Amino acid sequence: MPRPAEEIRSDAVPAMSHPPDDPPASGRTGSPTPRTDRSALLPALTRLFDDGPCAALVCGADGRITEVSDSCGRWLGLAAADLLGRRPEQVLAGPGATIPGWERLQDQARRHGRAGTEALVHGHGGRPLWCTLVLDALPAAQGEPDTWLLTLADITQQRILTELQGPVLGALVRDRPLAEVMALVCTQVQILAPDVVATVLGVDDDGLIRPLAGPSIPAEVSCQFDGAPIGPKAGSCGTAAWRGSPVVVTDIDTDPLWDDYRHVVQPLGLRACWSSPIKNGEGRVLATFAFYFREPRAPHGLHEQLVEMSVHLCTLALERERSHAHIHQLAYYDGLTGLPNRALLQANLARAITQAQQDGTTLALLFIDLDRFKDVNDSHGHAVGDELLREVAQRLAGEVRDRSLVCRLAGDEFVVVLPHCGVEQARHTAERVQQALARPITVGDLDLTTGACLGVAMYPDDGSDLDRLLRHADAAMYQAKKDGRGGLHFYRAEMNRAAEDRLRLAADLRAALHRGGLQLHFQPQVCPPGKTPRSPAAGPASMSLFGVEALLRWRHPVLGDVSPERFIPVAEEAGLMDELSNWVLEAACAQLAGWRADGIDVPRVAVNLSPRNFQDPGLPARVRQLLDRHGLRGDQLTLELTESAWIDRRADSLDKLRALQALGVGLAMDDFGNGQSSLSHLHRLPLRQLKLDRSFVHDIEHLAVAQTLAAAMLHIGESLGLIVVAEGIETAAQAAFLIEHGCPVLQGDRYAQSMAAEQIGPWLAGLASMAAADVGASRSDHGT
Ligand SMILES: Nc1nc2c(ncn2[C@@H]2O[C@H](COP(=O)(O)OP(=O)(O)OP(=O)(O)O)[C@@H](O)[C@H]2O)c(=O)[nH]1
């Protein structure tokens, strides 16, 4: 706000010189100067102002101007002829007006000798600028002042900083809402330029106008611009946004740019409009900043300064809004699918629950987990998996009503919240979702089929907050998974117990891993007499040990032995697989080194790894360090992988396998023959062993087709130079068939059950006597 007229310090403007022996008049801060000297000095005084953005005017006792500094012409555009003989408060106030507070200023100067204020003055052609005004009253020998000295200095820039930039930056720093900041820009601008009406109109991504601020424009007028398209003839603002450059319309009544909008602003008495585009860093127009005038006219210098600053401030505010929106997007939406994430689910579900409470309605939470999604990643790579997840997100969003919330929780898990929904409706929606996800999804030239299991929890019966509802829907989904792919389950209380059991088991497993509660057992793999894996015709006469497979055992302090079939899924669910596999690798290598140090000749140890271990890029380096640490050669370690890990087509997983092969490590395909691997790929893989799936071995005795397949697989292995290991051999007949068909390595309870490390030495000592029985069985079964 303008500062009111006040007494100011006498050193604020150049002092007037006067003879040293003139005594100051009592009660005055100014110095009385003899009239004769004064008239000679006044022109010299006004010349002092000639160089800066300031001016001096001298008036006589009647208040009319008698002397002016030359700077009035240069700075205010007012020549001496415009000023002399006129009153400053009129000539500087613009047409038909007077400087506000002039009488008060004069009165103060009369009483105190000097007074000052800040005011908007107008130079040539009504050009506005903010000035400090200092009025000195130079008294006559007695009585009223007979000379007035008015000095002016330009403070426009300073006022723009204090009245506009300062408050708006303050609002930005205090994180005030965009609409409030924009309104503040307009209000402050209107204080600095009382003859204008300021507005800010946003431009949305579709090129439509969205009013942001216009505190002096009635809401019912602003809303008439809402949704109007920008264009080449769309008023000053719509056209400025369209052109990307300022548009000055000096007369709205006649300018064709306003043909479609004139009727909106004319009733407000707005006659001219200057609009400037506000652009972001990339040059896109985000909004327009406009000045309206109440008479046909063009903008002046003060307006230009104000617009320059306002556009700058509005750009900052809009960019801040954009960063806020970006941060909000990152914080509350999933980057891959664009769906809300868990944080937004939390906020929205809380709102939905409050609403349901108030309305006395129920709501359903569906927990969705895709089936075999890991296989998609493993077989076709993460990029294909990502694309599938995006398509799933779209299908889910397409299956639910507007008020429902679809969110991606993590990985291949999604949640749908259905407000105002009963059990039957939830079942209906869940089935529709399942059908939608069961339809093939095309990614590039691949047709993928996934499907999903669903668990449903209902508010309020199954829980009254997100945590509980999610946990219960998850438990129901887990139950659905157990029943097979594509299952659907509603939550029941006993599921909670099962989920709690799993959580407890995971915690116990973690403790066992860290406190030495796990053990390795070893199952021998043997070569029949007369054979070695590589040279079937030239082996030792007795049965020999090919190696041992390390098998993880967990004896739970309360539950006793827990089978791997039970605890491996728990470890996978709890994210413990990496740690567990590292522990097994370390323990197996340490044990092999221990046997060899004790003179027990175990040629190699095999360790099972999960496909996710192969996602770890550091695996080859870790295996090399492990071998070095235990002084083992690469060929003394075999890593067994299920078929799904082998058919992962990502280039980097093949690279990892080749790096392991380069270390000499043997790589085995576990469960070979269960149907997933393409035979045409086998010869391209860095494989050393095939492990014949135990289901074939089991059926050899009574199914001719199993015999044919087992024989074919042994033949394939032999032709590709791979060592085939048959596992799960339990009977002499199975052993005999395999031996006869040239199987080089045998594993199963028929030869040895898995045993503790210290039992391997004694068992090895009795190996030779076992051999004859099997060879004999093979001969007698086949009548030789
Ligand atoms: N492509 C891709 N994969 C992901 C992403 N986030 C997690 N995953 C993978 O998603 C898989 C989810 O694992 P599971 O749900 O256990 O796998 P699944 O094969 O669906 O198992 P079931 O549910 O038992 O059928 C893991 O392999 C993760 O590595 C992602 O953003 N993109």
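The name recorded for the protein chain in an unreviewed UniProt entry is Diguanylate cyclase/phosphodiesterase with PAS/PAC and GAF sensor(S), from Leptothrix cholodnii.

J.: Quick question: what am I supposed to make of the sheet that holds strand β6 (residues 196–203) here?
T.: Pairing between the strands of a sheet comes from backbone hydrogen bonds, and it takes one of two forms, parallel or antiparallel. A sheet is described by the order of its strands in space; here five strands give the open sequence β7-β6-β10-β9-β8, paired in antiparallel fashion. The open sheet has two free edges, formed respectively by β7 (209–213) and β8 (247–249), since each of these has just one partner strand. Geometrically, the sheet is characterised by an average inter-axis angle of 25 degrees between neighbouring strands, direction not taken into account. Bridge count for β8 against strand β9 (residues 272–279) is three bridges, and the pairing is antiparallel. Bridge assignment links Val247 to a residue of β9, and that residue is Ser275. Strands β6, β7 and β10 (285–293) of the sheet are contacted by helix α7 (residues 178–192), whose axis makes an angle of about 155 degrees with β6. Running over the sheet, helix α11 (residues 301–332) touches β6, β7, β9 and β10 and is turned about 40 degrees from β9.

J.: I'm lost on the sheet that holds strand β12 (residues 405–410) in this one. Help?
T.: Here five strands make up an open sheet; going across it, the order is β12-β13-β11-β16-β17 and the pairing mixed. At either end of the open sheet lies a strand with only one pairing partner, and these are β12 and β17 (488–490). Within the sheet, the average angular offset between the axes of one strand and its neighbour, ignoring direction, is 20 degrees. Here three bridges tie strand β16 (residues 452–459) to β17, and the two strands are oriented parallel to one another. Its bridge partner being in β17, Leu454 is matched across the sheet by Leu488. Sitting on the sheet, helix α15 (residues 423–438) touches β11 (363–370), β13 (413–418), β16 and β17, and the angle it makes with β16 is about 160 degrees.

J.: When you look at the pairing of β12 in this model, what are you seeing that I'm missing?
T.: Along any regular strand, the residues point their side chains to alternate faces of the sheet. With five of six residues buried, β12 is to be regarded as a mostly interior element. Relative to β13, β12 is paired through five bridges, and the arrangement is antiparallel. The partner of Leu405 across the bridge, within β13, is Val417. Turn length for the β12-β13 hairpin, with the two strands adjacent in sequence and antiparallel, is two residues, and the turn residue Gly411 shows positive phi of about 40 degrees.

J.: Would you take a moment to explain the pairing of strand β2 (residues 65–68) for this structure?
T.: By the bridge criterion, three bridges tie strand β1 (residues 54–60) to β2 in an arrangement that is antiparallel. Bridged to Cys59 within β2 is Ile65. Linking β1 back to β2 in an antiparallel pair, the connection comprises four residues, with Gly63 at a positive phi of about 85 degrees.

J.: I'm lost on the site of the ligand in this one. Help?
T.: In the neighbourhood of the ligand, 16 residues make up the surrounding shell, with Arg372, Lys374, Asp386, Lys481 and Arg485 lying closest. Note that an oxygen atom of the ligand is positioned 2.7 Å from one of the backbone N or O atoms of Arg372. At 2.6 Å from a nitrogen atom of the ligand is found a side-chain nitrogen or oxygen belonging to Asp386. In the complex, 72% of the free accessible area of the ligand, which totals 660 Å², lies under the protein chains.

J.: Can you help me understand the nonpolar core in this one?
T.: Soluble globular proteins tend to pack their nonpolar side chains together in the buried interior. Ranked by size, the top nonpolar core spans 76 residues in total, and within it Phe522, Val607, Leu637, Leu639 and Leu738 carry the most contacts. When residues of this core are assigned to their parent elements, the largest contribution, nine residues, is made by helix α19 (residues 577–597). In this structure, Val168, Val181, Leu192 and Val311 belong to the second largest nonpolar core, which totals 37 residues.

J.: Help me understand the side chain of Asp334, please; the structure alone is not making it clear to me.
T.: Structurally, the position occupied by Asp334 is in the loop between α11 and α12 (342–359). At 3.1 Å, the side chain of Asp334 forms a polar contact with the side chain of Arg408. Beyond its immediate chain neighbours, meaning those up to four positions away, Asp334 contacts Leu339, Pro340, Asn341 and Arg408.

J.: Honestly, α7 in this entry has me stumped. Any pointers?
T.: One turn of the α-helix equals 3.6 residues, which is why residues spaced by three or four share an orientation. Taking 1.5 Å per residue as the helical rise, α7 with its 15 residues ought to reach 21 Å, and the 21 Å between its terminal C-alpha atoms agrees with that figure. Within α7 the residues assigned to the buried category are Leu178, Val181, Met182, Val185, Cys186, Gln188, Val189, Gln190 and Leu192.

J.: Whenever I open this one, the packing of helix α14 (residues 382–399) against α15 confuses me. Can you help?
T.: What describes two packed helices is the angle between their axes and the distance between those same axes. Between α14 and α15, the shortest axis-to-axis distance is 10 Å and the interhelical angle comes to 145 degrees. As for the relative orientation of α14 and α15, their crossing is right-handed in sense. Two secondary-structure elements touch here, α14 through Val392, Arg395, Leu396 and Glu399 and α15 through Thr429, Arg432, Val433, Ala436 and Leu437. Classifying every residue of the contact of α14 with α15 by side-chain character gives five nonpolar, one polar and three charged.

J.: Can you walk me through the packing of aromatic side chains in this structure?
T.: The geometry of an aromatic ring pair is captured by two quantities: the separation of the ring centres and the angle between the planes. Taken as a whole and judged by the stated rule, the model has seven aromatic pairs. The interplanar angle of 80 degrees and the centroid separation of 6.4 Å between the aromatic rings of Phe291 and Phe293 together place this pair among those described as edge-to-face. Each member of the pair, Phe291 together with Phe293, is buried. Through pairs of rings, three or more aromatic residues link up here, namely Trp274, Phe289, Phe291 and Phe293. The lysine or arginine in question, Arg297, covers the ring of Phe293, its NZ or CZ lying 4.7 Å from the ring centre. Its guanidinium or amino end placed over the ring of Phe546, Arg604 lies 4.3 Å from that ring's centre, counting from NZ or CZ.

Cut-offs applied
- Residues numbered from 1 in each chain as written.
- Predicted model: local features only at pLDDT ≥ 70, side-chain atom pairs only at ≥ 80, totals over all residues.
- Heavy atoms only, no water.
- Pairing = 2+ DSSP bridges.
- Helix = DSSP H or I, 4+ residues; strand = E, 2+ residues; numbered from the N terminus.
- Axes fitted to C-alpha atoms, helices over the stretch in contact; angles between N-to-C directions.
- Contact = heavy atoms within 4.5 Å.
- Buried < 20%, exposed > 50% of the residue type's maximum accessible area, 1.4 Å probe, protein only.
- Near = heavy atom within 4 Å.
- Polar contact = N/O pair within 3.5 Å; in protein donor to acceptor, adjacent residues only side chain to side chain.
- Areas by Shrake-Rupley, 256 points an atom, 1.4 Å probe, with all protein chains shown as cover.
- Core = buried A, V, L, I, M, F, W, Y, C linked by side-chain atoms within 4.5 Å.
- Expected span 1.5 Å × (residues − 1).
- Left-handed = near helix turned anticlockwise from the far one by under 90°.
- Nonpolar A, V, L, I, M, F, W, Y, C, P; charged D, E, K, R; others polar.
- Phe/Tyr/Trp six-rings, centres within 6.5 Å; stacked < 30°, edge-to-face > 60°.
- Lys NZ or Arg CZ within 6 Å of the ring centre and 35° of its normal.

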